[in-house]
Amino acid sequence: MDIIIYHNPECGTSRNTLAMIRNAGIEPHVIEYLKTPPSRALLIELIDRAGIGPRALLREKGTPYAELGLGDTTLSDAALVDAMMAHPILINRPLVVSPLGVKLCRPSEDVLDLLPTGQLGAFAKEDGEQVVDASGQRIA
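Nothing here was measured: the structure is a model prediction, and the numbers come from that model.

## Brief notes about the environment of C105
Mapped onto the elements of the fold, C105 is located in the loop between β4 (101–104) and β5 (123–124). C105 gets classed as buried once you look at its relative accessible area, which sits at 0%. Along the chain, C105 and I47 lie 58 residues apart, while their C-alpha atoms are 13 Å from each other. Filtering out sequence-adjacent residues up to four positions away, C105 remains in contact with T13, T17, P94, V96, D110, V111 and L114.

This is the structure:
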C-alpha cells in the first residue's frame, strides 16, 4: 500500500492523521516537508490532485502569512505557490496521498476516506476525542 503523508511532527493534527494510517495497518512513507519540501511542480500537482486551489493549502497560524500580505485576494495562484516554496511552513498539513486520492486532512479523520483498508481497532485523537470505535468503525 503506497501512502504518503506530508507531515510535521510538531502538529497534533498531523500526528493524529499519521496514527490513523498506522491504525489501519499501513506504514506510510512519511515526508517531513519542512526538512524536505516538495518541488514546485510536485506542489502544484498535489494541489491539483486534491481538487483545491493554492489558497486552500495556505496555513496562516504560526507562519509569515500576515507579514507577507498573503490575505490579499488579488494575489495570483503562482504568487501563493511562490510564497509556499520560499516558506514551506505556509503549506498546511497533513497532506496525504493514497491510491484513492490526495487530501488535506483537516480534520485528521478525513484521512479515513483515503484508506483502502479499515481501522484495526478503536482510535482516539491525542485530545481524547474518540473517532473510531472498537470494531474499527468511524464514529459519526
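What follows picks up the thread again.
## Side note on the state of the cysteines
Evaluated as defined, the whole model comprises 0 disulfides. No disulfide involves C11; its nearest neighbouring cysteine sulfur is the one of C105, lying 11 Å away. Residue C11 is classed as buried on the basis of its relative accessible area, which comes to 6%.

## Some words on the side chain of Q119
Mapped onto the elements of the fold, Q119 is located in the loop between β4 and β5. Within polar-contact distance, the side chain of Q119 engages the backbone oxygen of M20 at 2.9 Å.

## Thoughts on helix α1 (residues 12–23)
End to end, α1 covers 16 Å across 12 residues, agreeing with the expected 16 Å (1.5 Å per residue, within 8%). Among the residues making up α1, those that are buried are S14, N16, T17, L18, M20, I21 and N23. One or two positions beyond α1, positive phi appears at G25, with a value near 80°.

## Details of the nonpolar core
Among the nonpolar cores identified, the biggest contains 21 residues, and Y6, L57 and M84 are the most heavily contacted of them. Listed by contribution, the elements that provide at least two residues to this core are β1 (4–7), α2 (40–50), α4 (77–86), β3 (95–98) and β4. Considering each element in turn, this core owes the most residues, 4 residues, to α4. In this structure, V96, C105, F123 and V132 belong to the second largest nonpolar core, which totals 16 residues.

## With respect to the environment of E126
You can see E126 is positioned in the loop between β5 and β6 (130–132). Taking the C-alpha atoms as reference, E126 lies 7.2 Å from G12; in sequence the two are 114 residues apart. When residues no more than four places from it in sequence are discounted, the contact partners of E126 are G12, R15 and N16.

## Concerning the pairing of β3
The two faces of the sheet receive side chains in turn, since in a regular strand these alternate between them. Burial of the side chains of β3 extends over both faces: L95 and V97 are buried on one face and V96 and S98 on the other. Direction of pairing for β1 relative to β3: antiparallel, over a ladder of 3 bridges. Residue pairing in the sheet places I5 in a bridge with V96 of β3. Between β3 and β4, which follow one another and run antiparallel, lie 2 residues.

Cut-off values and rules
Residues numbered from 1 in each chain as written. Predicted model: local features only at pLDDT ≥ 70, side-chain atom pairs only at ≥ 80, totals over all residues. Heavy atoms only, no water. Helix = DSSP H or I, 4+ residues; strand = E, 2+ residues; numbered from the N terminus. Buried < 20%, exposed > 50% of the residue type's maximum accessible area, 1.4 Å probe, protein only. Contact = heavy atoms within 4.5 Å. Disulfide = S-S within 2.5 Å. Polar contact = N/O pair within 3.5 Å; in protein donor to acceptor, adjacent residues only side chain to side chain. Expected span 1.5 Å × (residues − 1). Core = buried A, V, L, I, M, F, W, Y, C linked by side-chain atoms within 4.5 Å. Pairing = 2+ DSSP bridges.

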